[in-house]
Amino acid sequence: MINLSLMGLFIPTFLFVSITPGLCMTLALTVGISQGVRRALWMMGGELLGVALVAMAAVLGVSALLLGMPGLLTAFKWLGGAYLGYLALQMWQSKGKLAIPEPGQAQQSSRRELFMQGFITAVSNPKGWAFHMALLPPFIDASLPFWPQLTVLLAIILLLEFASLLLYASGGKALRVLFMQEGNARLMNRIAAALMFGVGVWLVLS
């Protein structure tokens, strides 16, 4: 069903790429800071769905079409960047559902909002499209059935991606606990806002 020699190269390659800091990992860190790991799981669900769709589209050639339509890709990037910039502004002002509440307050994003945030970040990341288009197809053995191979490869990609997201979100939670012990909710909000804004700028300029 799969080529084991190719799999021996595939796993370390995608592990390295998954754990390397990027848009989705920075977002996981930010949500881990502002919402905690348990709430960040909803963002991870959206991000994983987006990654799965991007990976499948890359193998099937849809990414070549998108990358050949710079106007559409630019629109996705600007809309995604504007949305993340809006969230960053709210967090900087200690407002909005992503902001860390002051002691005695409670405010959280809905599960749907977190899910969509992760999904939008994943599907609007042009580097993700280019990366999957360039690296995933070579690991498909043309002499073996296509769909079983793709299913296994996608499962491995999502497992590695989830482990990396969980690692970054846990790091964010550790920072949250550290700062909340000192009562510095506003400072933590501004750190998270700066990270979120950086993700937005990165998305637009990438």
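Every chain's residues receive numbers from 1 upward, in the order its sequence appears when written. Side-chain atom pairs in this predicted model are given and counted only at pLDDT of 80 or more, local residue features only at pLDDT of at least 70, and totals for whole chains, interfaces and linings cover all residues. Side-chain numbers here rest on the full set of heavy atoms in the structure, without hydrogens or water.

Novice: For this particular structure, what's the right way to read the overall build of the chain?
Specialist: Helix and strand assignments follow DSSP, with helices taken as H or I runs no shorter than four residues and strands as E runs no shorter than two, numbered in order from the N terminus. Within the chain one finds 9 helices and 0 strands. Helices and strands in the chain line up, N terminus first, as α-α-α-α-α-α-α-α-α. Relative to its 206 residues, the chain shows a buried fraction of 44%. Contacts: residue pairs with any heavy atoms within 4.5 Å of one another. Considering only residue pairs separated by 6 or more positions, the chain has 85% of its internal contacts joining residues 24 or more positions apart. Accessible surface computed for the chain: about 10,200 Å², of which carbon and sulfur atoms make up 72%. When accessible area is computed with a 1.4 Å probe and restricted to protein chains, residues below 20% of their type maximum are described as buried, those above 50% as exposed, and intermediate ones as partly exposed. Areas reported here follow the Shrake-Rupley algorithm with a probe of radius 1.4 Å; residue values treat only the protein chains shown as occluding.

Novice: Looking at this model, I keep getting lost on helix H6 (residues 111-123). Mind explaining?
Specialist: Every α-helical turn comprises 3.6 residues, leaving residues that sit three or four positions apart pointing alike. In this analysis, the expected span of each helix is defined as 1.5 Å times one less than the number of residues it contains. Its 13 residues give H6 an end-to-end C-alpha distance of 18 Å, which sits within 8% of 18 Å, the value for a rise of 1.5 Å per residue. Taken residue by residue, H6 has Leu114, Gln117, Gly118, Thr121 and Ala122 as its buried positions. Axial view of H6: buried residues confined to an arc of 125 degrees, hence all on one face. What the arc covers is the set of directions going from the helix axis to the C-beta atoms.

Novice: Whenever I open this one, the nonpolar core confuses me. Can you help?
Specialist: Among the nonpolar cores identified, the biggest contains 41 residues, and Phe10, Phe14, Met43, Leu136, Leu153, Leu165 and Met196 are the most heavily contacted of them. Those elements that place two or more of their residues in this core are helix H1 (4-19), helix H2 (23-35), helix H3 (37-60), helix H5 (70-92), H6, helix H8 (146-181) and helix H9 (185-205). Ranked by residues supplied to this core, first place goes to H8 with 9 residues. In this structure Phe14 touches Phe131, His132, Leu135, Leu136, Phe139, Ile157 and Leu160, once residues within four positions along its chain are discounted. Remark: nonpolar core denotes a set of buried residues (Ala, Val, Leu, Ile, Met, Phe, Trp, Tyr, Cys) joined through side-chain atoms within 4.5 Å.

Novice: What's the story with H1 in this structure? I'm lost.
Specialist: Look at H1: 23 Å from first C-alpha to last across 16 residues, which is about the 22 Å you get at 1.5 Å a residue. If you check which residues of H1 are buried, you get Met7, Phe10, Phe14 and Ser18.

Novice: Please clarify how the packing of aromatic side chains should be interpreted in this entry.
Specialist: How two aromatic rings sit relative to each other is given by the distance of their centres and the angle of their planes. Put simply, two rings from Phe, Tyr or Trp (the six-membered ring, in Trp's case) pair if the centres are within 6.5 Å, and we call them stacked under 30 degrees between planes, edge-to-face over 60, tilted for the rest. Tallied over the full model, the rule gives 4 aromatic pairs. Aromatic pair Phe14 and Phe139: ring centres 6.2 Å apart, planes at 75 degrees, arrangement edge-to-face. Here the residue Phe14 occupies a position in helix H1, and Phe139 occupies one in the loop between helix H7 (126-135) and H8, the gap between them amounting to 125 residues. Each member of the pair, Phe14 as well as Phe139, is classed as buried. Among the aromatic residues, those joined into a ring-pair cluster are Phe10, Phe14 and Phe139.

Novice: Is there a simple way to think about the side chain of Glu47 in this case?
Specialist: Residue placement: Glu47 occurs in helix H3. On the basis of relative accessibility, which here comes to 0%, the residue Glu47 falls in the buried class.

Novice: Is there a simple way to think about the confidence of the model for the chain in this case?
Specialist: Low-confidence regions, as indicated by low pLDDT, have predicted coordinates that should not be scrutinised in detail. Looking at any residue, its pLDDT shows the predictor's confidence there, from 0 to 100. A residue-level look at the chain finds 79% of positions with pLDDT of 70 or above and a mean pLDDT of 79. By mean pLDDT, the top-scoring element of the chain is H3 (90), and the lowest-scoring one is helix H4 (residues 62-67) (57).

Novice: Explain the packing of H2 against H6 here, please?
Specialist: Packed helix pairs are characterised by how far apart their axes lie and by the angle those axes make with each other. Between N-to-C directions, angles cover 0 to 180 degrees, with each direction set by a line fitted to C-alpha atoms, over the stretch in contact for helices. H6 packs onto H2 with a crossing angle of 160 degrees between their chain directions and a minimal axis gap of 10 Å. The orientation of H2 with respect to H6, classified from their angle, is roughly antiparallel. When you trace H2 past H6, the crossing you get is right-handed. For the pair H2 and H6, the contacting residues are Leu23, Cys24, Leu27, Val31 and Gln35 in the first and Leu114, Gln117, Gly118, Thr121 and Ala122 in the second. Note on terminology: angles under 35 degrees are roughly parallel, angles over 145 are roughly antiparallel, angles of 65 to 115 are roughly perpendicular, and the others are oblique. Handedness of each helix crossing follows the sense of rotation of the near helix against the far helix: counterclockwise by less than a right angle gives left-handed, clockwise gives right-handed.

Novice: Mind showing me how you'd approach the environment of Val59 here?
Specialist: With respect to the helices, strands and loops of the structure, Val59 is situated in helix H3. When the C-alpha positions of Val59 and Leu135 are compared, they lie 9.5 Å apart, and in sequence the two are 76 residues distant. With sequence-adjacent residues up to four places away left out, Val59 is seen in contact with Leu136, Phe146 and Leu150.

Novice: How should a nonpolar patch on the surface be read in this particular structure?
Specialist: Surface patches are defined over residues having more than 30% relative accessible area and no salt bridge, joining like charges when they lie within 9 Å and nonpolar side chains (Val, Leu, Ile, Met, Phe, Trp, Tyr) when within 5 Å. One side-chain nitrogen of Lys or Arg within 4 Å of one carboxyl oxygen of Asp or Glu is enough to make a salt bridge. A surface patch of nonpolar side chains, amounting to about 320 Å² of accessible area, comprises Phe197, Val201 and Leu205. Relative to the helices and strands, Leu205 resides in helix H9. Owing to a relative accessible area of 69%, Leu205 belongs among the exposed residues under this scheme.

Novice: Please clarify how the packing of H3 against H6 should be interpreted in this entry.
Specialist: Axis separation between H3 and H6 bottoms out at 7 Å; the angle between their running directions is 35 degrees. When you trace H3 past H6, the crossing you get is right-handed. Counting all contacts with H3, which are made through Arg39, Trp42, Met43, Gly45, Gly46, Glu47, Leu49, Gly50, Val51, Leu53 and Val54, the residues of H6 involved are Arg111, Leu114, Phe115, Gly118, Phe119, Ala122 and Val123. Classifying every residue of the contact of H3 with H6 by side-chain character gives 11 nonpolar, 4 polar and 3 charged. Gly is put with the polar residues, along with every residue not named as nonpolar or charged; the nonpolar set is Ala, Val, Leu, Ile, Met, Phe, Trp, Tyr, Cys and Pro, and the charged set is Asp, Glu, Lys and Arg.

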